[in-house]
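These are the residues of each chain, in order.
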Amino acid sequence: IDLMGAYPGRAFRMREIVKYVVGKEASTEERSRTRKGIFRVLQQLKEVDSIHILDERKHTSAVRYIWKK
């Protein structure tokens, strides 16, 4: 929330959010656990209409998450 809230309107990939939370040196297991937790939080934020989820997987491999202004 700190990362995305500081840049409303900017699209973030899950990888960027995970890296912000756990850092570069985290183990694969730690990144995986963190990714699952972040995903749950993002789904809750979507339900309360705080973020927009941009799913462009037809054209790219990443879903982007955008904090609404």
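Just above, that's the structure.
Remember, it's a predicted structure, so these values are computed and weren't measured experimentally.

What the protein chain contains, in helices and strands, is three helices and three strands. Counting helices and strands in the order they occur from the N terminus, the protein chain gives α-β-α-α-β-β. Oriented by its inertia axes, the alpha-carbon framework of the protein chain measures out at about 30 × 30 × 20 Å. Taking as baseline every contact in the protein chain between residues at least 6 positions apart, the subset at least 24 positions apart corresponds to 41%. As displayed, the protein chain offers around 5200 Å² of accessible surface, 50% of which is attributable to carbon and sulfur atoms. Across the protein chain, the 16 positively charged side chains and the 9 negatively charged ones have centroids separated by 4 Å.

Quick reminder: α-helices carry 3.6 residues per turn. Residues three or four places apart thus point the same way. Between its terminal C-alpha atoms helix 3 (residues 28–47) stretches 29 Å, which fits the 28 Å expected from 20 residues at 1.5 Å a residue. Taken together, the buried positions of helix 3 are occupied by Thr34, Ile38, Leu42 and Leu45. Burial along helix 3 is one-sided: seen end-on, the buried residues are contained in an arc of 75°. With respect to the buried face of helix 3, the exposed residues turned more than 90 degrees away are Glu29, Arg33, Lys36, Arg40 and Glu47. For helix 3, the secondary structure elements touched by its buried residues are helix 1 (2–6), helix 2 (14–22), strand 2 (51–55) and strand 3 (63–67). The first or second residue beyond helix 3 is aspartate 49, which carries a positive phi of 65°.

Moving on, we get to unusual backbone geometry. One non-glycine residue with positive phi stands out, namely aspartate 49, at about 65°. Within the fold, aspartate 49 resides in the loop between helix 3 and strand 2.

Right, let's talk about the packing of helix 2 against helix 3 for a bit. Interhelical geometry of helix 2 versus helix 3 gives an angle of 115° and a closest axis separation of 10 Å. One element, helix 2, and the other, helix 3, form an angle in the roughly perpendicular class. Taken as a pair, helix 2 and helix 3 cross one another with a handedness that is right-handed. Contacts between helix 2 and helix 3 pair Met14, Ile17, Val18, Val21 and Val22 from the former with Glu30, Arg31, Thr34, Arg35, Ile38, Phe39 and Leu42 from the latter. Among the residues making up the contact of helix 2 with helix 3, the classes are represented as eight nonpolar, one polar and three charged.

Attention shifts here to the packing of aromatic side chains. The description of an aromatic ring pair rests on the distance of the ring centres and on the angle between the ring planes. Taken as a whole and judged by the stated rule, the model has one aromatic pair. Residue placement shows arginine 10 over the ring face of phenylalanine 12; its charged tip is 4.2 Å from the ring centre.

About the cut-offs
Residues numbered from 1 in each chain as written. Predicted model: local features only at pLDDT ≥ 70, side-chain atom pairs only at ≥ 80, totals over all residues. Heavy atoms only, no water. Helix = DSSP H or I, 4+ residues; strand = E, 2+ residues; numbered from the N terminus. Contact = heavy atoms within 4.5 Å. Areas by Shrake-Rupley, 256 points an atom, 1.4 Å probe, with all protein chains shown as cover. Lys, Arg positive; Asp, Glu negative; His and termini not counted. Charge placed at Lys NZ, Arg CZ, Asp CG, Glu CD. Expected span 1.5 Å × (residues − 1). Buried < 20%, exposed > 50% of the residue type's maximum accessible area, 1.4 Å probe, protein only. Arc of directions from axis to C-beta. Axes fitted to C-alpha atoms, helices over the stretch in contact; angles between N-to-C directions. Parallel < 35°, antiparallel > 145°, perpendicular 65-115°, else oblique. Left-handed = near helix turned anticlockwise from the far one by under 90°. Nonpolar A, V, L, I, M, F, W, Y, C, P; charged D, E, K, R; others polar. Phe/Tyr/Trp six-rings, centres within 6.5 Å; stacked < 30°, edge-to-face > 60°. Lys NZ or Arg CZ within 6 Å of the ring centre and 35° of its normal.

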